[in-house]
Protein chains: 2
Amino acid sequence: MGPGPVNAHPRVLRAMSADLLGQFDPEFTTYMNEVMALYRAVFQTENRWTFLIDGTARAGIEAALVSLIEPGATVLLVRSGRFGLLLSEIVERCGGNIVTVDAEWGEVVPMSAIAEAVATHKPAVVACVHGDTSTTMAQPLDGLGDICRAHGALSYVDATATLGGMAVETDKWGADIVTGGLQKCMGGPSGSAPITISDRAAEFIFARRHTEKGIARDDLAQGGRARIGSNYFDLAMIMDYWGEKRLNHHTEATTMLYGARECARIVLGEGLEARFARHAAAGRAMTAGLRGMGLTVYGDDTHRMANVTGVFIPEGVDGEAVRRRMREDFEIEIGTAFGPLQGKIWRIGAMGYNAMKHKVLITLGALEAVLRAEGFAVKSGAGVDAALEAWG
Amino acid sequence: MGPGPVNAHPRVLRAMSADLLGQFDPEFTTYMNEVMALYRAVFQTENRWTFLIDGTARAGIEAALVSLIEPGATVLLVRSGRFGLLLSEIVERCGGNIVTVDAEWGEVVPMSAIAEAVATHKPAVVACVHGDTSTTMAQPLDGLGDICRAHGALSYVDATATLGGMAVETDKWGADIVTGGLQKCMGGPSGSAPITISDRAAEFIFARRHTEKGIARDDLAQGGRARIGSNYFDLAMIMDYWGEKRLNHHTEATTMLYGARECARIVLGEGLEARFARHAAAGRAMTAGLRGMGLTVYGDDTHRMANVTGVFIPEGVDGEAVRRRMREDFEIEIGTAFGPLQGKIWRIGAMGYNAMKHKVLITLGALEAVLRAEGFAVKSGAGVDAALEAWG
């Protein structure tokens, strides 16, 4: 019950024990095409270029940024937590010229501030994080695409922590690239990063195409723009691999693809709306339960992520001792925190396969017992009762 | 029976259906440490820094090169096939200044030529491929380390296609970084790249350490050398994650780690010498069988890889039609070829779980039937008989 990775759905684990297929076997390329279709629905997009990056969620972020950012390009970053800082870190290494619009940790950036910053700096790329688990806040993104298009900017959204748990509305937002991961609300293991790319972003990236020697072909137009700074994360080559050309790049991670496919099948089988409602109920119940117990929840309710809740460590309580007892006595993991929040809050998740009523209730009951054992008495049973009522 | 990916060992697939653990759960970090110890034995090294890169084999190559190569550094590449060209491709994107010592496809580069090139160019880094599946040749590497150390160069070896199937003698070679993959002789799926790093290479890489904001700590000395051009492939940060500091970087790909761990347990359970002998027998039998059938094997026998054999497509035979029949009638995949060899040879693998007597014999029997069906009669039974005899 941490901020991710969390337990995978058992169906995903079973799918990952299927035998391997060759990467150009028609059965396997059919699975690749199915994955593209499934993730279009998950990302709520019509984007043709919707596929997987072979690596963890962070690999998806870097693939998007290194392919979008030409050295020297101005990049506007919308930041309000650790994963906003990660964007800076990656953009610096891509050679981007960074400008930022920041909020304090625990807050979000108003769209009007983003609009103003785009108008002022005229960036080539605008990048932001949808749900930053470090602060448990979800950045509103309605209107992002219109603002970017009005100024010729391409936009990128890191939806690692929200995909499959909160509405990631790629086309409605007008976001050009959105990436995710499996290990949060998708209910799978870390190691595969779903990505979706708009036609205009794909066109820009193909203008940077420099196919590697040894597999170059006459029918592949080479781009006039700066070569992408990474081979592994070169989205032009990866699109040529996932597209009809099937041009060899990396060797697709067969087992992770089986897992990613099963995650999406489960998500869509449940239905996006039902799934988002289940995550919202879990978040609501967790928040109510923690408050019912007399603890103080971190951050403001308006922009809270559904799937991870920050809660202040009470005065005089050893946060790490509590986490250890939770793990050792109850086999439940809850999360620590980063940066300015380290030692101040715990982060308790309820996402994917873990966003279930009984898991929320058991976690709250366990936390009550552990706090008591650590000498911090809370009103017995109040947390669980409040959560039960809030689940609805 | 292609040049990889190949069928995974069933034990590996079962291991990958185990439930997930949190990345800092003591049970999981114990597995991480076990993986480090297991891969030291697989790489035949004492290197402390031996772990996994979360991505396909190509991710391991890029992580090694981007961490070793500072922009403007001279890099000597030893090339004799497509995967040698891939090194060029990646080094260019790292900003390396490339010099090369090349052999024709199907040949290898004599160590004397490497020595001469190192003395002439005084490169910062020397990079080469151990087994290049595009040509089916294995580059001899004895003496590489001495040559490099004498001139202050760091060395890198791509052992993707040979690790677990032929002797990858990291310490005996004196190689500074060696990377592999699971999907060839290790008998697992693509998606995790084992890597080993010598202390001197680690020292160099830590001199490039620039810990990302949001997780930086006072006890982490920041390096004076050029920041590594990738966040995801920053080996300094990845070592700080796999080492005692356990500094958060990516979220380790749990399921792929379970798979990589089981691959190594199987390899070491069989024993390296027994495993290399099995691969050698399979290669010998395949080569003898193809010759027994009257076909011409590609390349010279002295430097042939044990686990993949090139064979000329006979005059008048449609190579793709044969591959299709092999797959459709016998469910056996054999490989096509790249670059100058495309349309000229097939590449037939026998590696990892597939390096078994019955699979070699069945493949040869199937190929005979398919060639006959395509109107190219070979002497019936001669291939299988020759392979049986050569297996020994």
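These figures come from a predicted structure and were not determined experimentally.

S.K.: Please provide a residue-by-residue account of the relation of the copies chain B and chain A, values included.
M.R.: Least-squares fitting of chain B to chain A yields an RMSD of 0.0 Å, with the superposition described by an axial translation of 0.0 Å and a rotation of 180 degrees. Accordingly, the operation relating the two chain copies is best matched by a two-fold axis. In terms of proximity to the rotation axis, the leading residue of chain B is B:G55, whose C-alpha is 2.3 Å off the axis. Taken together, the interface assignments show that 100% of the residues at the interface of chain B recur at the interface of chain A, consistent with an identical surface on both copies.

S.K.: Residues and numbers for the domain arrangement of chain A, please.
M.R.: Residue and element names in this part refer to chain A. Looking at chain A, the domain boundaries give domain 1 (10–268) and domain 2 (272–391). Centre-to-centre separation of domain 1 and domain 2, based on C-alpha positions: 31 Å. In this assembly, 30 residues from domain 1 lie in contact with 23 residues from domain 2. Summing both sides of the interface, domain 1 and domain 2 together bury roughly 2,100 Å²; the carbon and sulfur share of this comes to 67%. For the pair domain 1 and domain 2, the interface holds zero salt bridges. On inspection of domain 1 and its partner domain 2, the count reaches eight residue pairs in polar contact (both at pLDDT 80 or more). Mapped onto the side of domain 1 that touches domain 2, the elements with two or more residues apiece are helix 2 (26–42), strand 5 (131–132), strand 6 (137–138) and helix 10 (254–270). When residues of the side of domain 1 that touches domain 2 are assigned to their parent elements, the largest contribution, three residues, is made by helix 10. Each residue belonging to the side of domain 1 that touches domain 2 can be placed in one class, and the counts come to 16 nonpolar, 11 polar and three charged.

S.K.: Explain the interface of chain B and chain A to me, and be specific about the residues and the numbers.
M.R.: Listed by partner, the interface residues are 60 residues for chain B and 60 residues for chain A. Between chain B and chain A lies a buried interface of about 4,800 Å² when both sides are counted; carbon and sulfur atoms form 52% of it. Between the two partners, chain B and chain A, sit six salt bridges. Between B:D234 and A:R93 there is a salt bridge, and its shortest N-O distance comes to 2.5 Å. Linking chain B to chain A there are 30 residue pairs in polar contact (both at pLDDT 80 or more). Put simply, the parts of the chain that give the side of chain B that touches chain A at least two residues each are helix 3 (57–68), helix 4 (82–94) and helix 10 (254–270) of chain B. Split by residue class, the side of chain B that touches chain A holds 22 nonpolar, 22 polar and 16 charged.

S.K.: Lay out the pattern of salt bridges with the relevant residues and their values.
M.R.: Scanning the entire structure with this criterion turns up 46 salt bridges over all chains. Taking the shortest distance from any N to any O, the salt bridge between A:E92 and B:R227 comes out at 2.2 Å. Here A:E92, found in helix 4 (residues 82–94), pairs with B:R227, found in the loop between helix 8 (199–206) and helix 9 (235–242), and the two come from separate chains. Look at the salt bridges and you will find they share partners, linking A:E89, A:E92, A:R93, B:R227 and B:D234 into a network.

S.K.: Please provide a residue-by-residue account of the packing of aromatic side chains, values included.
M.R.: Counted by the stated rule, this structure contains 21 aromatic pairs over all chains. On the basis of an interplanar angle of 50 degrees and a centroid distance of 6.5 Å, the ring pair of B:Y39 and B:F43 is categorised as tilted. A single burial state applies to B:Y39 and to B:F43, both of which are buried. The lysine or arginine in question, A:R82, covers the ring of A:F338, its NZ or CZ lying 4.3 Å from the ring centre.

S.K.: Just give me the short version of the packing of helix 2 (residues 26–42) of chain B against helix 10 of chain B, but keep the residues and values in it.
M.R.: All names here are of chain B. For the pair helix 2 and helix 10, interaxial distance at closest approach is 9 Å and the crossing angle is 40 degrees. Compared by their axis directions, helix 2 and helix 10 come out oblique. Note that helix 2 runs across helix 10; the crossing there is left-handed. Here F28, Y31, M32, E34, V35, L38, Y39, A41 and V42 of helix 2 lie close against helix 10, whose contacting residues are T254, L257, Y258, A260, R261, C263, A264, R265, V267 and L268. Residues that form the contact of helix 2 with helix 10 fall into these classes: 15 nonpolar, one polar and three charged.

S.K.: Outline the environment of B:R11, listing residues and values.
M.R.: Residue and element names in this part refer to chain B. Positionally, R11 belongs in helix 1 (residues 10–15). We classify R11 as partly exposed; its relative accessible area is 32%. Put simply, R11 and E331 are 320 residues apart on the chain and 22 Å apart in space, counted from C-alpha to C-alpha. Sequence-distant contacts of R11, defined by excluding residues within four places in its chain, comprise E262, R265 and I266. Separated by 2.9 Å, the side chains of R11 and E262 make a polar contact.

S.K.: I'd like a description of the pairing of strand 11 (residues 345–349) of chain B, backed by residues and values.
M.R.: Regular strands place their side chains on alternate faces of the sheet. Most of strand 11 of chain B sits inside the fold, with five of its five residues counted as buried. Side chains of strand 11 of chain B alternate between two faces, with B:I345, B:R347 and B:G349 and B:W346 and B:I348 buried alike.

S.K.: Residues and numbers for the UniProt feature "binding site: substrate" (unreviewed entry) in chain A, please.
M.R.: Residue and element names in this part refer to chain A. Here the UniProt-annotated "binding site: substrate" (unreviewed entry) positions come out as R347. In this structure, R347 sits in strand 11 (residues 345–349). Residue R347 is classed as buried on the basis of its relative accessible area, which comes to 4%.

S.K.: Can you explain the sheet that holds strand 2 (residues 74–79) of chain B? Please cite residues and give values.
M.R.: Residues and elements named next belong to chain B. Taken together, the seven strands give an open sheet; going across it, the order is 1-9-8-7-4-2-3, and neighbouring strands pair in mixed fashion. Among the strands making up the open sheet, the edge pair consists of strand 1 (49–53) and strand 3 (97–102). In this sheet, neighbouring strand axes are inclined to one another by 20 degrees on average, regardless of whether the strands run parallel or antiparallel. Taken together, the four bridges between strand 2 and strand 4 (residues 125–129) define a ladder with parallel strand orientation. Looking across to strand 4, one finds that L77 is bridged to A127. Along the sheet face, helix 2 touches strand 1 and strand 9 (193–197) and points at about 105 degrees away from the line of strand 1.

S.K.: I'd love a proper account of helix 13 (residues 357–373) of chain B, names of residues and values included.
M.R.: Residue and element names in this part refer to chain B. Its 17 residues give helix 13 an end-to-end C-alpha distance of 25 Å, which sits within 8% of 24 Å, the value for a rise of 1.5 Å per residue. Turning to helix 13, its buried residues number three or more, namely K359, V360, L361, T363, L364, A366, L367, E368, V370 and L371. The elements touched by buried residues of helix 13 are helix 11 (272–292), helix 12 (319–330), strand 11 and helix 14 (382–391). At the C-terminal side of helix 13, G375 shows a positive phi close to 85 degrees.

S.K.: For the side chain of A:R208, give the residues involved together with the corresponding values.
M.R.: All names here are of chain A. On the secondary structure map, R208 appears in the loop between helix 8 (199–206) and helix 9 (235–242). Put simply, R208 is tucked away with no salt bridge, and the nearest opposite charge, on E70, sits 4.2 Å away. Within the structure, R208 has its side chain in polar contact with the backbone oxygen of R227 (distance 3.3 Å).

S.K.: Lay out the UniProt feature "modified residue: N6-(pyridoxal phosphate)lysine" (unreviewed entry) in chain A with the relevant residues and their values.
M.R.: Residue and element names in this part refer to chain A. The feature "modified residue: N6-(pyridoxal phosphate)lysine" (unreviewed entry), as annotated in UniProt, sits at K184 in this numbering. Looking at the secondary structure, you find K184 in the loop between strand 8 (177–179) and strand 9 (193–197). Discounting chain neighbours no more than four positions away, the residues touching K184 are P3, G4, V6, T133, T160, A161, M351 and G352. For K184, the side chain forms a polar contact with the main-chain oxygen of P3, separated by 2.7 Å.

S.K.: Can you tell me about the sheet that holds strand 9 of chain A, naming the residues and giving the values?
M.R.: All names here are of chain A. Pairing in this open sheet of seven strands is mixed, and the strands run 1-9-8-7-4-2-3 from one edge to the other. One side of each edge strand has no neighbouring strand; the edge strands of this open sheet are strand 1 (49–53) and strand 3 (97–102). Ignoring which end each strand starts from, the neighbouring axes of this sheet average 20 degrees apart. Against the sheet, helix 2 engages strand 1 and strand 9, with an angle of about 105 degrees to strand 1. Contacts between helix 8 and the sheet are confined to strand 1, strand 7 (154–158), strand 8 and strand 9, with strand 9 contributing the most and set at about 95 degrees to the helix.

S.K.: Can you lay out unusual backbone geometry for me, pointing to particular residues and giving the numbers?
M.R.: All names here are of chain A. Cis geometry marks the peptide bond from G4 to P5; its omega dihedral reads 5 degrees. In this structure, K122 takes a positive phi of about 45 degrees despite not being glycine. As for its placement among the helices and strands, K122 is situated in the loop between helix 5 (111–121) and strand 4 (125–129). You can call K122 exposed: its relative accessible area is 54%.

Cut-offs and rules
Numbers given to residues run from 1 along each chain, matching the order in which its sequence is written. Chains and ligands are labelled by the order in which they are written, letters from A for the one and numbers from 1 for the other. Since the coordinates come from a predicted model, pLDDT governs what is reported: local features require at least 70, and pairs of side-chain atoms require 80 or more to be given and counted, while whole-chain, interface and lining totals use all residues. To get the side-chain values, take all heavy atoms of the structure and skip hydrogens and water. Least-squares superposition aligns the copies on the C-alpha atoms of those residues with pLDDT at or above 70 in both. Any pair of residues with heavy atoms lying within 4.5 Å of one another is described as a contacting pair. An automatic or database domain assignment supplies the residue ranges for each domain. Accessible area, probed at 1.4 Å, shrinks when two parts are joined; the buried area is that loss added up over both. Salt bridge, as applied in this entry: a Lys or Arg side-chain nitrogen positioned within 4 Å of an Asp or Glu carboxyl oxygen. Here a polar contact means two N or O atoms within 3.5 Å. Within protein one must be a hydrogen donor candidate and the other an acceptor candidate, and residues neighboring in sequence count only if both atoms are side-chain atoms. Helix and strand labels come from DSSP, where a helix needs a run of H or I of at least four residues and a strand needs a run of E of at least two; each type is numbered from the N terminus. Classes in brief: Ala, Val, Leu, Ile, Met, Phe, Trp, Tyr, Cys and Pro nonpolar; Asp, Glu, Lys and Arg charged; the others, Gly included, polar. When the centres of two rings from Phe, Tyr and Trp lie within 6.5 Å, Trp using its six-membered ring, the rings pair. Their planes under 30 degrees apart give stacked, over 60 give edge-to-face, and anything left gives tilted. Relative accessibility under 20% of the residue-type maximum defines a buried residue, over 50% an exposed one, and the middle range a partly exposed one, all with a 1.4 Å probe and only protein chains included. Here, a charge over a ring means that NZ of Lys or CZ of Arg falls within 6 Å of the ring centre while also lying within 35 degrees of the ring normal. Every axis corresponds to a line fitted to the C-alpha atoms, with the helix fit spanning only the stretch in contact, and the corresponding angles, defined between N-to-C directions, vary from 0 to 180 degrees. For classification purposes, angles smaller than 35 degrees are called roughly parallel, those larger than 145 roughly antiparallel, those between 65 and 115 roughly perpendicular, and all remaining angles oblique. Less than a right angle of anticlockwise turn of the near helix away from the far helix marks a crossing as left-handed, whereas a clockwise turn marks it as right-handed. UniProt positions are given in the numbering used here, feature names are shortened, and annotations may be inferred rather than shown by experiment. Any two strands with at least two DSSP-identified bridges between them are counted as paired. Each residue after the first adds 1.5 Å to the expected span of a helix. None of His or the chain ends enter the tally, which takes Lys and Arg as positive and Asp and Glu as negative.

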